[in-house]
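Fold and contact review
Residues per chain are reported as follows:
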Amino acid sequence: MELLSTPKNIEINNITCDSFRISWAMDKGDLERVTHYFIDLNKKENKNSNKFKHRDVPTKLVAKAVPLPMTVRGHWFLSPRTEYSVAVQTAVKQSDGEYLVSGWSETVEFCTGDYAKEHLAQLQEKAELIAGRMLRFSVFYRNQHKEYFQHVRMHCGNVMKPSLKDNSGSHGSPTSGMLHGIFFSCNTEFNTGQPPQDSPYGRYRFQIPAQRLFNPNTNLYFADFYCMYTAYHYVVLVLAPKGSSGDLFCRERLPQLDISSNKFLTCCVEEGELVYRHAQDSILEVIYTEPVDLSLGVLGEISGHQLMSLSTANAKKDPSCKTCNISVGR
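Source: prediction; values computed, not measured.

Description of the sheet that holds strand E18 (residues 265–270)
The three strands lie next to each other as E9-E19-E18, forming an open sheet whose pairing is antiparallel. Here the strands that pair on one side only, and so sit at the sheet edges, are strand E9 (134–137) and E18. Each neighbouring strand pair of the sheet contributes to a mean axis angle of 35 degrees, computed without reference to strand direction.

With respect to the sheet that holds strand E20 (residues 283–288)
An order of E12-E13-E20-E16-E15-E17 is seen for the six strands of this open sheet, with the pairing classed as mixed. Taken across any chain shown, the strands that pair with only one partner, and hence form the sheet edges, are strand E12 (163–164) and strand E17 (256–257). Strands in contact with helix H1 (residues 117–129) are strand E15 (218–226), strand E16 (234–241) and E17; relative to E15, the strand with the most contacts, it is inclined by about 80 degrees.

Describing the domain arrangement of the protein chain
As far as domains go, the protein chain holds domain 1 (8–112) and domain 2 (117–301). Taken over C-alpha atoms, the centre of domain 1 sits 41 Å from the centre of domain 2. In this assembly, six residues from domain 1 lie in contact with 10 residues from domain 2. Approximately 550 Å² of surface area, both sides summed, lies buried where domain 1 meets domain 2, with 51% of it carried by carbon and sulfur atoms. For the pair domain 1 and domain 2, the number of links is zero salt bridges. Of the residues contributing to the side of domain 1 that touches domain 2, the split by class is three nonpolar, two polar and one charged.

Digging into the pairing of strand E6 (residues 83–93)
Counting buried residues in E6 gives nine out of 11 residues, a clear majority hidden from the surface. Here strand E3 (residues 36–43) runs beside E6; their pairing, made up of eight bridges, is antiparallel. Within E6, the position partnered with Asn 42 by the bridge is Ser 85. Both E6 and strand E8 (residues 108–111) contribute to a ladder of four bridges, which runs antiparallel.

Focus: the side chain of Glu 285
Locating Glu 285 in the fold gives a position in strand E20. Among buried Asp, Glu, Lys and Arg side chains, Glu 285 stands out as unpaired, with Lys 165 the closest opposite charge at 6.5 Å. Here Tyr 226 takes part through its side chain, which lies 2.9 Å from a polar atom of the side chain of Glu 285.

Describing H1
Here H1 spans 19 Å end to end across 13 residues, near enough to the 18 Å set by a 1.5 Å rise per residue. Residues of H1 that are buried include every one of His 119, Leu 120, Leu 123, Gln 124 and Ala 127, and no others. Buried positions in H1, seen along its axis, are confined to an arc of 145 degrees and lie on one side of it. For H1, the exposed residues set more than 90 degrees away from the buried face come down to Glu 118, Glu 125 and Leu 129. Residues of H1 that are buried make contact with E15, E16, helix H4 (245–253) and E17.

As for the pairing of E3
Burial within E3 is extensive, with six of its eight residues counted as buried. Where E3 meets strand E4 (residues 59–64), six bridges bridge the pair, whose relative direction is antiparallel. In the sheet register, Asp 40 faces E4, and the bridge partner there is Lys 60.

A few points about the pattern of salt bridges
Evaluated as defined, the whole model comprises 11 salt bridges. With a closest N to O distance of 3.8 Å, Lys 8 and Asp 27 form a salt bridge. With Lys 8 in strand E1 (residues 8–13) and Asp 27 in the loop between strand E2 (19–25) and E3, this residue pair connects regions lying 19 residues apart in the sequence. Looking at Lys 8, the relative accessible area reads 39%, which means it is partly exposed. According to the relative accessible area criterion, Asp 27 is partly exposed, its value standing at 40%. Where Glu 252 meets Arg 253, a salt bridge forms, and the shortest distance between an N and an O atom there is 3.5 Å. A relative accessible area of 61% places Glu 252 in the exposed class. Note on Arg 253: relative accessible area 27%, which makes it partly exposed. One connected set of salt bridges, linked through shared partners, spans Lys 44, Glu 83 and Glu 109.

Rules used in this analysis
Residues numbered from 1 in each chain as written. Predicted model: local features only at pLDDT ≥ 70, side-chain atom pairs only at ≥ 80, totals over all residues. Heavy atoms only, no water. Pairing = 2+ DSSP bridges. Helix = DSSP H or I, 4+ residues; strand = E, 2+ residues; numbered from the N terminus. Axes fitted to C-alpha atoms, helices over the stretch in contact; angles between N-to-C directions. Contact = heavy atoms within 4.5 Å. Domains from an automatic or database assignment. Buried area = accessible area lost by both parts, 1.4 Å probe. Salt bridge = Lys/Arg side-chain N within 4 Å of Asp/Glu carboxyl O. Nonpolar A, V, L, I, M, F, W, Y, C, P; charged D, E, K, R; others polar. Buried < 20%, exposed > 50% of the residue type's maximum accessible area, 1.4 Å probe, protein only. Lys, Arg positive; Asp, Glu negative; His and termini not counted. Polar contact = N/O pair within 3.5 Å; in protein donor to acceptor, adjacent residues only side chain to side chain. Expected span 1.5 Å × (residues − 1). Arc of directions from axis to C-beta.

Written as structure tokens, this is what we have:
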């Protein structure tokens, strides 16, 4: 049987977090003969790869020949925001069951995308299932080392500046490495109604009245839901003043929440006053997208311990947790 031509001019487009479309050119005489495509897909190694995951192995896909371009989809071998290399080979299945194959094409590289809004909406639904009852609170707080606040006072005009979000949480989160903000907490102890006296981030705590950051002129967005091989889970939310650059970024990429009616963080008018509540059973990480002047709150030292084991700095999400993973790339 006549040999097959080697596929050439590989094109990759319509890339999402767990799919892509691929096409290539082959000799006209091969179009009617080819019965199968072989696709060799490999993840590029990354020094920041999740060391807890099983080592990824090359994926060889076999597909019946269809008109090109064809869509390759699969959350079991494609992860979001990950670099891959791909090569293709065409084949004719013969009467004896063996394949006549072409040579392998050149190898091309591409990077998968972030979670889209519909994927984040699935994460949000999962997070809502374990959020628990709502508890009242009155302040947002941020723990850091003493040196951090000294630097803010001496070199930043007493103003905390937004910084680029790290890569903690879901690998597909569109905020990681893209959104600038300041991390705050708001969780309280259910028996005291006050912030806990322990923190993984430092012994000095800045507290600011909740209405300074969260009010009817603020938009609220759901950004992520994850755990770090633990029983407790984290929900990442974004607070952005309406019309700000952070608000515009989030509006395009994240599900927006009703500030007065959601399962995580609410701001409601009750008897003429703003009342704030947070979910009891999730640890909330709240990103505020604008600078914050220290004069708007109070700074003090906590009496508890610095629990480094609870730090989420660049924390990797547990890809096997059924509570916080969805059926797309991890």
